[in-house]
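Spelled out from the first residue to the last, the chains are:
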Amino acid sequence: MSTTEQEQLLLTGLAKSDKSSVEAIYRENYAIIQSFILNNNGTIDDARDIFQEAMVVLYEKSKDTTFSLHCQIRTYVYSICRRLWLKRLQQLSKYSSQVESLEEIVPVEEEVEEHEKRNTDFLLMEHAMSKIGEPCKSLLDAYYLQKKSMQDIAAEFGYTNADNAKTQKYKCLVRLKKLFFSQYKNA
Amino acid sequence: MDELLLIETVERYLSGEMTPQERSFFEEVRKKTPEVDQMVVEHTFFLHGLEKYSNLKSFKHSLIETEAKLMEDGVIKEPSIHGKARIIQLWSKYKRSMAVAASIALFISVLTAGLNIAYNNQSKQNDFISLKRELTKDIKEGIKKEVGSRLDTASHIRQKTPITDHGKYVGTSFLIDGKGYLVTNYHVISSMKNIYVGNNKGDSYYAEVVYTDNASDLAILKITDTSYKTIINLPYSIKRANSDLGEQFFTLGFPRNEIVYGEGYVSAKSGNDGDSLAYQLTVSANPGNSGGPVINKNGEIIGIITAKDAKADGVVYATKSKNIFRMLDELKKADTTAPLIKTPSGNGLKGIERTQQVKKMEEFVFMVVGN
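Residues numbered from 1 in each chain as written. Chains lettered and ligands numbered in written order. Predicted model: local features only at pLDDT ≥ 70, side-chain atom pairs only at ≥ 80, totals over all residues. Heavy atoms only, no water.

Draft legend 1. Seen up close, the overall build of chain B. Looking only at helices and strands, one finds 8 helices and 15 strands in chain B. For chain B, buried positions account for 41% of its 371 residues. Long-range pairs, those at least 24 residues apart, make up 65% of the contacts in chain B between residues at least 6 apart in sequence. Entry remark: accessible area of chain B is about 20,300 Å², with carbon and sulfur atoms responsible for 55%. (Helix = DSSP H or I, 4+ residues; strand = E, 2+ residues; numbered from the N terminus. Buried < 20%, exposed > 50% of the residue type's maximum accessible area, 1.4 Å probe, protein only. Contact = heavy atoms within 4.5 Å. Areas by Shrake-Rupley, 256 points an atom, 1.4 Å probe, with all protein chains shown as cover.)

Shown next, in the form of C-alpha cells:
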C-alpha cells in the first residue's frame, strides 16, 4: 500500500473516531509537535493541548466529504499546530522572536478560524448543558451522546414506560434550547 | 404542553417517521403558518448543533483516553537529554533551583540532626503533648485577635509557624499573573513586616504588598526576587460569575509545612452573617488555609478561603472570586501608574483527572510566611 493510501485509510478511520486510527496518528505526529512547542517558549502541557486541538480540526475535516488532503497528515497537523501556537503566543503577548519553522507548511488560516467558531459553539452548548441540572443532563446525555434507546433510558432512570421518558426528554430539550438560544443571541 | 407537542411533531418530521399523509399535512401547515416554519428551522439548527456537540464531546473523550494510554506507554514524555549543548543549557536553566534545593537539603539535614538530639533527650509522650498544647494556644490567640472584627463568630484562619525563624504567621496564596502577582487574604499579611512565599517545589522568594482590600479581605502581593522567572501559562482561570449551591471544588493550602489537599461543596451563597461577598463552604480547613484557592472541576478559581466558624464543624467561609476583579479595577483607579495585572485564562485543568489537576496546580500555590 502506498503512503497516500495508508493516510487516506487513517483519515477514514478518524472520521469514525476509530481508536486505532486516532492512536496511530498520535504516535506518528506527536513528537514533532512537542519539540516544536518546547523550542518556542511552550511547555509539555501546551504541546498536549495544542496537539489535541489540531486533532479536533483534522477530525472535523475528515468527516467533511468534500475535503481531500493535498499533503501528508504530518504537514497538515504541523501547520495547524504552528498556526494555533502562534495565535496563543500573540494572545499572551509573548510573540517576541520569530517562530522557528524548518518543516514544510501549508496555509491553514481558514481551518483555524472555523475551529475557533466551532469551539465557541461547543462551549455555548456545554455551558447550557451544565446549567440544565439533573436529571435533565443525564437524560439528554444518555439519549443524544450515548445514543441509548428510550426503553433503556426509561429502565435506567426509573420511568414507568418509554413514553414517560420521552415526554421528560422533550421537556429537558425545551429547557436546553431556551438556555442555548438565550446565550447564542448574546454571544 | 403545546410546545412539547410541536417539538415532538417537528422531530418526527425531521427524522422521517411521519406517514406520507401526515407529512403532506404538516408541510401544508408549515407553508401557511410562518411560526411553525420558523420553529422547524430553529429546531433543525439546534438539533444539528447538539449532534455536533455530542460527536465532538465523545471524540475529545477518546483523545484524552488515547493520550493517557500513550503516556503510560512512554510515547508522550518529557524530552530526554540529547548531546552536550543540551546539558549545559539545562544546567544553566536549573542552576538556581539546584542551589535552592541544595541549601534546603542542607538546612533540613542540620534541622533533623538538631531535632534528633532534642528528641533523644525527651520521652516520646512529652513531646507529643507539648506540640498539642501549643497548637491549642495558637488557635485561641487567633480567636482573641479577631474579636470585634468583621467576623465576630469566625476565627480567622492563621497560624504561627514552627518552621522558619523569620516567620510568625503562615497563610496560603496563589498566582494570578505569571509575572509574580499573588492573591492572599488581607488578614494573613496585615501584620507582616517582611513577607516570604514558597511553593511545594521548594522555590521561595521575597514578596511585597501591592494592594489591600479590607472589605473583601483580599490582598495582592508581588514577588520581588530577581531570581523569580515569569510563568507564561497558568493552567487555571478565575470565575467572574457566582457559583451555584452544591458546586463541588477542591482546595490547596498550607495548614502544615507541606501542601494539603481538601474537597468540599458550596453550601450557601453568602458568608458569615449574610455577607454577600463570600460563600459558605463545607470543607475541612485549618489554620494556614487562609488565602488558599477554591477550584472547581473545570479549573476555575471560584473563591479564596478566609475563615471558619469556631463553633460549628466544617463551616468555612470563602471570599467570592469576582472580588479579585473588583479589587484589580480599584487598583487601576487608585493608581494609574500601577502595572497591568492580567488574570489567567488557562483551561489546562479541564477534563482531566483530579490527581492530574492537583499536580498541575500545586506549584502555583504558595505558602506565605512573615513576621
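Draft legend 2. Representation of the interface of chain B and chain A. The partner chain A presents 48 residues to the 42 residues of chain B that form the contact. Of the roughly 4,500 Å² buried at the junction of chain B and chain A (both faces included), carbon and sulfur atoms supply 66%. Across the chain B-chain A interface, the total number found is 7 salt bridges. Ionic pairing is found between K350 of chain B and E126 of chain A, a salt bridge with its closest N-O pair at 3.6 Å. Our count for the contact surface shared by chain B and chain A stands at 8 residue pairs in polar contact (both at pLDDT 80 or more). Secondary-structure elements contributing two or more residues to the side of chain B that touches chain A are helix 1 (2–15) and helix 3 (34–73) of chain B. Among the elements that take part in the side of chain B that touches chain A, helix 3 of chain B stands out by supplying 25 residues, more than any other. Across the side of chain B that touches chain A, the residue classes tally to 18 nonpolar, 9 polar and 15 charged. (Buried area = accessible area lost by both parts, 1.4 Å probe. Salt bridge = Lys/Arg side-chain N within 4 Å of Asp/Glu carboxyl O. Polar contact = N/O pair within 3.5 Å; in protein donor to acceptor, adjacent residues only side chain to side chain. Nonpolar A, V, L, I, M, F, W, Y, C, P; charged D, E, K, R; others polar.)

Draft legend 3. Structural detail: the nonpolar core. With 75 residues, the main nonpolar core has L14, Y26, Y76 and L176 of chain A as its most contacted residues. Top element by residues in this core is helix 3 of chain B. It accounts for 11 residues. Formed by 48 residues, the second largest nonpolar core is a distinct cluster that contains L234, I295, L328 and F364 of chain B. (Core = buried A, V, L, I, M, F, W, Y, C linked by side-chain atoms within 4.5 Å.)

Draft legend 4. Expanded view of the packing of helix 5 (residues 109–132) of chain A against helix 3 of chain B. Contact geometry of helix 5 of chain A with helix 3 of chain B gives a least axis separation of 10 Å together with a crossing angle of 95 degrees. With respect to each other, helix 5 of chain A and helix 3 of chain B are oriented roughly perpendicular. Contacts between helix 5 of chain A and helix 3 of chain B involve N119, F122, M125, E126 and M129 of chain A from the former and F46, G49, L50, Y53, L56, K57 and K60 of chain B from the latter. (Axes fitted to C-alpha atoms, helices over the stretch in contact; angles between N-to-C directions. Parallel < 35°, antiparallel > 145°, perpendicular 65-115°, else oblique.)

Draft legend 5. Layout of a nonpolar patch on the surface. Residue and element names in this part refer to chain B. A contiguous nonpolar patch, built from I104, F107, I108, L111 and L115 and spanning about 450 Å² of accessible area, is present on the exposed surface. Of note, F107 is situated in helix 4 (residues 83–121). Residue class for F107 comes out partly exposed when judged on its relative accessible area of 46%. (Patch = residues over 30% accessible without salt bridge, like charges linked within 9 Å, V, L, I, M, F, W, Y side chains within 5 Å.)

Draft legend 6. Region of interest: the packing of aromatic side chains. Under the definition given, this model contains 17 aromatic pairs over all chains. Ring pairs connect the aromatic residues F180 and F181 of chain A together with F45 and F46 of chain B, which therefore count as one cluster. In this structure, K169 of chain A packs its charged tip against the face of Y143 of chain A, placed 4.0 Å from the ring centre. Sitting above the plane of the Y181 of chain B ring, K222 of chain B keeps its charged end 5.2 Å from the centroid. (Phe/Tyr/Trp six-rings, centres within 6.5 Å; stacked < 30°, edge-to-face > 60°. Lys NZ or Arg CZ within 6 Å of the ring centre and 35° of its normal.)

Draft legend 7. Main features of unusual backbone geometry. The phi dihedral of S17 of chain A is positive, around 40 degrees, even though this residue is not glycine. With respect to the helices and strands, the residue S17 of chain A is situated in the loop between helix 1 (3–15) and helix 2 (19–39). Given a relative accessible area of 27%, S17 of chain A falls into the partly exposed group. Despite not being glycine, D217 of chain B has its phi angle at roughly 60 degrees, a positive value. Looking at the secondary structure, you find D217 of chain B in the loop between strand 6 (204–213) and strand 7 (218–223). By relative accessible area, D217 of chain B is classed as buried at 3%.

Draft legend 8. Structural view of the pattern of salt bridges. Considering all chains together, one arrives at 28 salt bridges over all chains under this definition. For the salt bridge of K177 of chain A with E42 of chain B, the shortest nitrogen-to-oxygen distance reads 3.7 Å. Separated into two different chains, K177 of chain A in helix 8 (residues 162–186) and E42 of chain B in helix 3 make up a pair that spans both. Note on E42 of chain B: relative accessible area 23%, which makes it partly exposed. Between K69 of chain B and D73 of chain B there is a salt bridge, with the nearest N and O atoms lying 4.0 Å from each other. One end of the pair, K69 of chain B, and the other, D73 of chain B, are both in helix 3, 4 residues apart, so they sit about a helical turn from each other. Given a relative accessible area of 43%, D73 of chain B falls into the partly exposed group. Several salt bridges share partner residues, and in doing so they unite E23 and R27 of chain A together with K69 and D73 of chain B into one network.

The values are spatial; any link to function lies outside them.
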